[in-house]
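The chain contents come next:
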Amino acid sequence: MIKKEMIAMLLAGGQGSRLGVLTSKVAKPAVAFGGKYRIIDFPLSNCINSGVDTVGVLTQYQPLRLNTHIGIGIPWDLDRNIGGVTVLPPYEKSGESEWYTGTANAIYQNLEYMESFNPEYVLILSGDHIYKMDYEVMLDFHKANGAEVTIAVMPVPIEEASRFGIMIADENKRITEFEEKPEHPRSNLASMGIYIFNWKTLREALIAMADQPALDFGKHVIPYCHDKGAPLYAYEFTGYWKDVGTLNSYWEANMELIDIVPEFNLYEEYWKIYTKSEIQPPQYIADNSKVERSIIGEGSDIYGEVYNSVIGCGVTIGRGTVVRDSIIMNQTQIGENCELNKAIVAENVEIADNVRLGTGEEAENETAPHIYNHGLVTIGEKSVIPKGITVGKNSVIFGVTSDADYEDSHLASGKTLIKAGE
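Quick notes on the rules
- Residues numbered from 1 in each chain as written.
- Predicted model: local features only at pLDDT ≥ 70, side-chain atom pairs only at ≥ 80, totals over all residues.
- Heavy atoms only, no water.
- Core = buried A, V, L, I, M, F, W, Y, C linked by side-chain atoms within 4.5 Å.
- Buried < 20%, exposed > 50% of the residue type's maximum accessible area, 1.4 Å probe, protein only.
- Contact = heavy atoms within 4.5 Å.
- Helix = DSSP H or I, 4+ residues; strand = E, 2+ residues; numbered from the N terminus.
- Pairing = 2+ DSSP bridges.
- Phe/Tyr/Trp six-rings, centres within 6.5 Å; stacked < 30°, edge-to-face > 60°.
- Lys NZ or Arg CZ within 6 Å of the ring centre and 35° of its normal.

Caption draft 1: Just the nonpolar core, in detail. Ranked by size, the top nonpolar core spans 76 residues in total, and within it Met133 and Tyr250 carry the most contacts. Discounting residues that sit within four places of it in the chain, Tyr250 has contacts with Leu19, Leu22, Val31, Ala32, Phe33, Val244, Ile327, Met329 and Ile344. Listed in part, the 38 residues of the second largest apolar core include Val149, Ile151, Trp199 and Tyr224.

Caption draft 2: Main features of the pairing of strand β33 (residues 395-398). Alternating positions in β33 separate into two faces, Ser395 and Ile397 on one and Val396 and Phe398 on the other, with burial throughout. Of the strand pairs in this sheet, strand β30 (residues 377-379) and β33 are connected by three bridges, and their pairing is parallel. Its bridge partner lying in β33, Thr378 is registered against Val396. In this sheet, strand β35 (residues 416-418) lies alongside β33 in parallel orientation, the contact comprising three bridges. Within β35, the position partnered with Ile397 by the bridge is Leu417.

Caption draft 3: Main features of the packing of aromatic side chains. For the structure on display, the rule yields 13 aromatic pairs. Over the ring of Phe264 we find Lys132, and its NZ or CZ is 5.1 Å from the ring centre.

Caption draft 4: Summary view of the sheet that holds strand β28 (residues 350-351). Here we have six strands laid out as an open sheet, ordered β16-β19-β22-β25-β28-β31, and parallel in their pairing. The sheet is open, and its two edges are formed by β16 (284-285) and β31 (384-385), each paired on a single side. Looking at chain direction, β28 and β31 are connected through two bridges and run parallel. Within β31, the position partnered with Glu350 by the bridge is Val384.

If you want it as structure tokens, here you go:
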């Protein structure tokens, strides 16, 4: 039997519905971030930087691009004979077939994988957060306290606390109470969805709670361990951490990368973020073009003006086009004399000449105001926008559209244009 001190289980099956059309065809952890990365690069890089060389990645929703990106783990030095990275989709067992129905159910369905390493400790991670964390320091804290379960927590504004699992801990950081998304929170220590379990404790809890529908860590496993008297501890994290689960938080996290002194630094030598890099030519910035405070990916051709934006790889921005406060993902082509303000444009989009995105007054989105808000314009992948179109704020376009889809070449603020079949 192979023995590993700690293995990681990375939950990467989420649909990410609050990212709207950005996740219509791709799992949230595979969404592009910061010009050249994908969201899952951050927890994977944290693992290898922390000395965790065995990672099970649990996939489910639209896994193709995620699986292709991870491959055999070469960019993260996770292509190991023993351990390394293993993609773990749901599979048919004899007599039954079952999707992953909750975070802990997904882990329960992979007991055999974990048993094959017989670890001392299991690290549970989410695939959709942007942060840098040394899991080894968290493990040292876990051992020093004789914990059976350690939950990474961070203080959040009390008015936002009801969105999280909330811990109440004593002066020694031992958790005395745990509330999942309480209506009236009594603490602001929020669970980050990062857990270290003693393997025996986790195994026992998963088997005991296996029949719970949609078995979940916050709702079932943590309360079970707490009720049994297992020592639970809160490990307080003070670095940068962002759940990029909404379009606005995703946009903000990208914009924070280009601050003069970025709150989240991608350029630190000692804690590199690794990714699968396509073979791209260098970027090209044409004469008379302007670029200020922006990230420009490899293989991009800039003929226009780019301000305060994150531009992916292989993007073309035509002459006379001005891009401000926007995220343009890989391989998107933008024509000439366009204007983009606060736009999130997904991969492989074609925007023809003289298109204006993000104009006029704000209006609430007509179909999903909880998703499309904060004045952003969102364009789903492989969309085509014809020339001369003007698009308002809090609007969304997905699919190949023609002039006939727009009234007087205009899509008003708050409107949704999703073509059938997308």
